[in-house]
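# Remarks on the overall topology
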2 protein chains.
Amino acid sequence: MSSSFANTTIDRPQYALPPSDSRAQTKQFVLDLQDEICQALERLDGQARFQEDNWEREAGGGGRSRVIRDGGVFEQGGVNFSEVWGDTLPPAILTQRPEAAGHGFYATGTSMVLHPRNPYVPTVHLNYRYFEAGPVWWFGGGMDLTPYYAFAEDAVHFHTIAKQACDAHHPEYYPTFKRWCDEYFYLKHRQEARGIGGLFFDYQDDRGKLYCGPHTDSPAAVYSDRVGVIPRTWEEIFAFVQSCGRAFLPAYVPIAEKRKDTEYGDRERNFQLYRRGRYVEFNLVYDRGTVFGLQTNGRTESILMSLPPLVRWEYGYEPEPGTPEAELTATFLKARDWVG
Amino acid sequence: MSSSFANTTIDRPQYALPPSDSRAQTKQFVLDLQDEICQALERLDGQARFQEDNWEREAGGGGRSRVIRDGGVFEQGGVNFSEVWGDTLPPAILTQRPEAAGHGFYATGTSMVLHPRNPYVPTVHLNYRYFEAGPVWWFGGGMDLTPYYAFAEDAVHFHTIAKQACDAHHPEYYPTFKRWCDEYFYLKHRQEARGIGGLFFDYQDDRGKLYCGPHTDSPAAVYSDRVGVIPRTWEEIFAFVQSCGRAFLPAYVPIAEKRKDTEYGDRERNFQLYRRGRYVEFNLVYDRGTVFGLQTNGRTESILMSLPPLVRWEYGYEPEPGTPEAELTATFLKARDWVG
């Protein structure tokens, strides 16, 4: 895998300089995105409001964490903003961008996980982030949907909005970042996708390849290196990331609106709590942001806002064939194309 | 850390050969231990019985997993036996025992986690295992207790029984393996011990040091290398491990008997479910056996039998000062000496 990474930048002498106000621009974008999303989610929820915690990071920077709980729609959800800086990036990142070694870094971003109470409303995750370190800068992020009782029309809708956001910028974006998402959000020990996917990308700059991988042993990790370096400026990549960020509400809210009043009972609730265990397993075992944050003195409560409020594990559980519970894994938790 | 490991064996030409029936002896021991423990736990529970699954491992070997649920005492618990073999040990182990490189391996062991329903009865974990690989063999294991509502007299009892099992074999065992346990079962991101500790050891052979570490950033990881290599035979180490295994029931059952009928309400139950989240966090983020098993095609359902049946996460929870919930972290979840 490291050999793939060794080949993710092209032989151009240097990265173009970002604009002089690059940090202010990206920080304002993620702050505004956090605000827009929180306001719209409060309207959707109808009952609960986000509670905000502002915090500082000892090694530099800080953030504002917002949590909604016990709402009309959301059992628990968190939307984080953070802006951090320090002397050195962690080794895992330096392996991928060795030019950053010996330089301080700056990073800002927003991340979100929402756990609705109704098992018919999918859990959803979003994250967009921007890094600078010496001569290197890049954007990363994405959004992905994790249904418990899944509907093909919802998967098609979510992916259609994601694709539209991508297609406005480059035709290779959606097919590349859709597959990268399938590859990343994969639980190898369960041989299951975490959900129905969405978008995921990292290391988007003006020298690197569009796709940097493979990162996992997912069966989805078969995407070849046919997509190389696409000539782009800082401004073009930032515009793309903004489009992706703004695509979240139209991608998710209509699904939540449509499903939030569906009747359910103990069976659906128990299945949802069981499936939430997979979310915990992914985030604690595989998610690099979570594991890295926990192991490097990140703000634990903000990092673990992604975990569900109530979770169940059951040894040897298998859904009855032919039920919606069995259909979830058989049909939806496998990488597949939802839009043409 | 690798520098510590590079120095964990002494300059003696070779390991003594284990007895010709070493695998049969150790396998029988862990099978018998699984049987004894399951029978005693069923008597303690009074209602539920263990359900057994026999399974085979594609790459060699297999096991028998036993699960008890919805009992009078145990909400869920698993006791595993496994015997596995293969072509090569994982890199993390080869770093520590490089002599095993290029050799096939054999491993057998038993592991157990019990999650009682009553928040006054502690969760408990046990694991004993034996490895052979080419010229190398070793024993590892231990047991440790994780209370939710903690009592000093229970901690003293558990450690007293553990110490007695150790002291019958060598006076350095208990102080060394007690501290190693404190060091290993530590959640760095919470700055908390998982519980009140017990015993933990690994790589016990006739050439290696008693203590191989440090492995973590725990404040408990301050144990010096004053204990070097203690001259011991295979038979002596095996006898010690058997004593430890047999110490489990007298260490745990009296505590469970004493606490199992304590009255409790929603407050205690909610706190237990919240604290169980720490168990999940430890097992999925730090426990090398769990993470290694999941990433190398172990039997997922047997590995994750250690996870609690129902778990709660709550953003920003802090117990009221002066309550038993606050006393747990303040007094019990810090490494300390429970017996002289």
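Our subject is the structure that appears above.
Residues numbered from 1 in each chain as written. Chains lettered and ligands numbered in written order. Predicted model: local features only at pLDDT ≥ 70, side-chain atom pairs only at ≥ 80, totals over all residues. Heavy atoms only, no water.

## So, the overall build of chain A
Along its length, chain A carries 10 helices and 10 strands. Over its C-alpha atoms chain A spans a radius of gyration of 19 Å, differing by no more than 12% from the 20 Å that the globule rule assigns to 340 residues. Considered along the principal axes of its C-alpha atoms, chain A spans approximately 60 × 45 × 35 Å. Taking all 340 residues of chain A together, the buried fraction comes to 61%. A separation of at least 24 residues holds for 72% of the contacts in chain A among residues at least 6 apart in sequence. (Helix = DSSP H or I, 4+ residues; strand = E, 2+ residues; numbered from the N terminus. Rg over C-alpha atoms; globule rule 2.2 N^0.38 Å. Buried < 20%, exposed > 50% of the residue type's maximum accessible area, 1.4 Å probe, protein only. Contact = heavy atoms within 4.5 Å.)

## Points about the sheet that holds strand 2 (residues 61-69) of chain A
Strand pairing in a sheet is mediated by backbone hydrogen bonds. Such pairs are either parallel or antiparallel. All names here are of chain A. Spatial strand order, 1-2-3-4-5-6-9: seven strands in an open sheet with antiparallel pairing. Edge positions in the sheet fall to strand 1 (51-56) and strand 9 (197-204), since each of these pairs with one other strand and no more. On average, each strand axis in the sheet is tilted by 5 degrees relative to the strand beside it, whichever way the strands run. Where strand 3 (residues 74-86) meets strand 4 (residues 105-116), 12 bridges bridge the pair, whose relative direction is antiparallel. Bridge assignment links Val84 to a residue of strand 4, and that residue is Ala107. Strands strand 5 (123-133), strand 6 (136-146) and strand 9 of the sheet are contacted by helix 4 (residues 152-167), whose axis makes an angle of about 30 degrees with strand 9. Across the face of the sheet, helix 5 (residues 173-184) comes into contact with strand 6 and strand 9 while running at roughly 100 degrees to strand 9. (Pairing = 2+ DSSP bridges. Axes fitted to C-alpha atoms, helices over the stretch in contact; angles between N-to-C directions.)

## Some details on the packing of aromatic side chains
Residues and elements named next belong to chain A. In total, this model carries 62 aromatic pairs over all chains according to the counting rule given. Here a set of aromatic residues connected by ring pairs shows up, and it is made of Tyr128, Tyr173, Phe177, Trp180, Tyr184, Phe185, Phe200, Phe201, Tyr211, Phe240, Phe282 and Tyr286. Over the ring of Tyr15 we find Arg207, and its NZ or CZ is 4.7 Å from the ring centre. (Phe/Tyr/Trp six-rings, centres within 6.5 Å; stacked < 30°, edge-to-face > 60°. Lys NZ or Arg CZ within 6 Å of the ring centre and 35° of its normal.)

## Focus: helix 6 (residues 234-246) of chain B
Residues and elements named next belong to chain B. In this model, helix 6 (13 residues) spans 18 Å end to end at C-alpha, consistent with the 18 Å of a helix rising 1.5 Å per residue. Among the residues of helix 6, those classed as buried are Trp234, Ile237, Phe238, Phe240, Val241, Cys244 and Gly245. Here the buried residues of helix 6 occupy an arc of 160 degrees about the axis, which is enough to place them on one side. (Expected span 1.5 Å × (residues − 1). Arc of directions from axis to C-beta.)

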